Amino acid sequence: MRLRHIPGSEEQIAESPYVIQQPWEYRGCWEKAFGSSGPVVIEVGMGKGKFIMELAAAHPDINYVGIEMYSSVLLKAIQKRKDTKLSNLWFLRADARTLTDIFAPGEVHKIYLNFSDPWPKDRHAKRRLTSPEFMAVYDRILKDDGSVEFKTDNRELFEYSLESIPAAGWNVEMHTFDLHHSPYAHGNVMTEYESKFSAEGKPICKLIAKRQAAT
């Protein structure tokens, strides 16, 4: 993914009151970061933050963590965050591969993956956020009945995910190739990309995955 670098973005992120700079210090005790023992829900690759900010505003009893590895994108989310009064939302600049350093086993209740980079070349398949490699990371931080919710406009990535997720030992509890024209559309919160793509007439795919029950 090529992104235009914004000069000074790293410095602004380091000074932001909305970003936790050393998140590993809260591993196993995220209630201290929030001052609340509510469930912890994370979005990996939150982009400009529209989705997670809307969720945080609608559910003040849930604690949200928005994770973005690209500083120029995170900076735009910070700028939006300034216009809100949310006490149940923190941002992190982090790579998803380090999530087990940030969250303890069973500490996360739900993970959202929205419009992730498709990494279309086969040799980059391990970088896809629905690859078995990343599903193994989620397995280590989610509570037993936790779930992963994934949305994308990329049909090839979605079809890959429908195969890779069960291969990693998870059940796909639901899926649709056209979210906005399905029974699952009720209560859907759109991301920036989702609003753009749906306005262009592109169908949005969605799935929810949970671990396979032990036998």
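Before reading on, note that the structure itself is shown above.
If you're wondering where the values come from, they're calculated on a predicted model, not measured in any experiment. (Residues numbered from 1 in each chain as written. Predicted model: local features only at pLDDT ≥ 70, side-chain atom pairs only at ≥ 80, totals over all residues. Heavy atoms only, no water.)

Draft legend 1. Quick look at the packing of aromatic side chains. With the rule as written, the count across this model stands at nine aromatic pairs. With a centroid separation of 4.9 Å and an interplanar angle of 75 degrees, the aromatic rings of Phe51 and Tyr112 are classed as edge-to-face. Of this pair, Phe51 sits in helix α3 (residues 50–58) while Tyr112 sits in strand β4 (residues 108–114); the two residues are 61 residues apart in sequence, bridging distant segments of the chain. The same class applies to Phe51 as to Tyr112, namely buried. When the ring centre of Trp119 is taken as reference, the NZ or CZ atom of Arg127 above it lies at 4.8 Å. The side chain of Arg128 reaches across the aromatic face of Tyr160, ending 4.6 Å from its centre. (Phe/Tyr/Trp six-rings, centres within 6.5 Å; stacked < 30°, edge-to-face > 60°. Helix = DSSP H or I, 4+ residues; strand = E, 2+ residues; numbered from the N terminus. Buried < 20%, exposed > 50% of the residue type's maximum accessible area, 1.4 Å probe, protein only. Lys NZ or Arg CZ within 6 Å of the ring centre and 35° of its normal.)

Draft legend 2. Unusual backbone geometry, seen in detail. In this structure, Phe115 is a non-glycine residue whose phi angle is positive, near 55 degrees. Backbone geometry at Trp119 places phi at a positive 40 degrees, although glycine is not the residue there. One can find Trp119 in the loop between β4 and α6 (132–141).

Draft legend 3. Structural detail: the side chain of Asp117. Within the secondary structure, Asp117 is located in the loop between β4 and α6. For the buried residue Asp117, which engages in no salt bridge, the nearest side chain bearing the opposite charge is Arg127, 7.8 Å off. Engagement of the side chain of Asp117 in a polar contact is seen with the backbone nitrogen of Trp119, the distance being 3.0 Å. (Lys, Arg positive; Asp, Glu negative; His and termini not counted. Salt bridge = Lys/Arg side-chain N within 4 Å of Asp/Glu carboxyl O. Polar contact = N/O pair within 3.5 Å; in protein donor to acceptor, adjacent residues only side chain to side chain.)

Draft legend 4. The pairing of β4, seen in detail. The element β4 is largely enclosed, with a buried count of five among its seven residues. As paired strands, strand β1 (residues 40–44) and β4 are joined by four bridges and run parallel to one another. Its bridge partner lying in β4, Val41 is registered against Lys110. Note that the unit made of β4, α6 and strand β5 (residues 142–152) has a crossover that is right-handed. (Pairing = 2+ DSSP bridges. Right-handed = clockwise from strand over helix to strand, strands pointing away.)

Draft legend 5. Inspection of the sheet that holds strand β2 (residues 63–68) at higher detail. If you walk across this open sheet you meet the seven strands as β3-β2-β1-β4-β5-β7-β6, and the pairing is mixed. Of all the strands in the sheet, the pair left with one neighbour each is β3 (89–93) and β6 (170–176). Averaged over neighbouring strand pairs, the angle between their axes works out to 20 degrees when direction is ignored. Docked against the sheet, helix α4 (residues 71–81) engages β2 and β3, running at close to 160 degrees with respect to β3. (Axes fitted to C-alpha atoms, helices over the stretch in contact; angles between N-to-C directions. Contact = heavy atoms within 4.5 Å.)

Draft legend 6. Broad picture of the pattern of salt bridges. According to the stated counting rule, one finds eleven salt bridges in the structure shown. The salt bridge involving Glu192 is made with Lys80; its shortest N-O contact spans 2.7 Å. Placement of the pair is Glu192 in helix α8 (residues 192–199) and Lys80 in helix α4, with a sequence separation of 112 residues. Residue Lys80 is classed as partly exposed on the basis of its relative accessible area, which comes to 34%. Across the salt bridge formed by Asp145 and Lys143, the nearest N and O atoms sit 3.5 Å from each other. Accessibility expressed as a relative area gives 26% for Lys143, which makes it partly exposed. In this structure, a network of salt bridges that share partners links the residues Lys110, Glu149 and Lys206.

Draft legend 7. A look at the environment of Pro118. Residue placement: Pro118 occurs in the loop between β4 and α6. Relative accessible area serves as the criterion here: at 27%, Pro118 is assigned to the partly exposed category. Distance in space between the C-alpha atoms of Pro118 and Ile42 is 20 Å, their sequence separation being 76 residues. Discounting residues that sit within four places of it in the chain, Pro118 has contacts with Arg128, Asn154 and Leu157.

Draft legend 8. Layout of the environment of Val172. Following the sequence through the fold, Val172 ends up in strand β6. What makes Val172 partly exposed here is its relative accessible area of 25%. Measuring from C-alpha to C-alpha, the distance between Val172 and Ala209 comes to 4.4 Å, with 37 residues separating the pair along the chain. Discounting chain neighbours no more than four positions away, the residues touching Val172 are Leu162, Ile165, Pro166, Leu207, Ile208 and Ala209.

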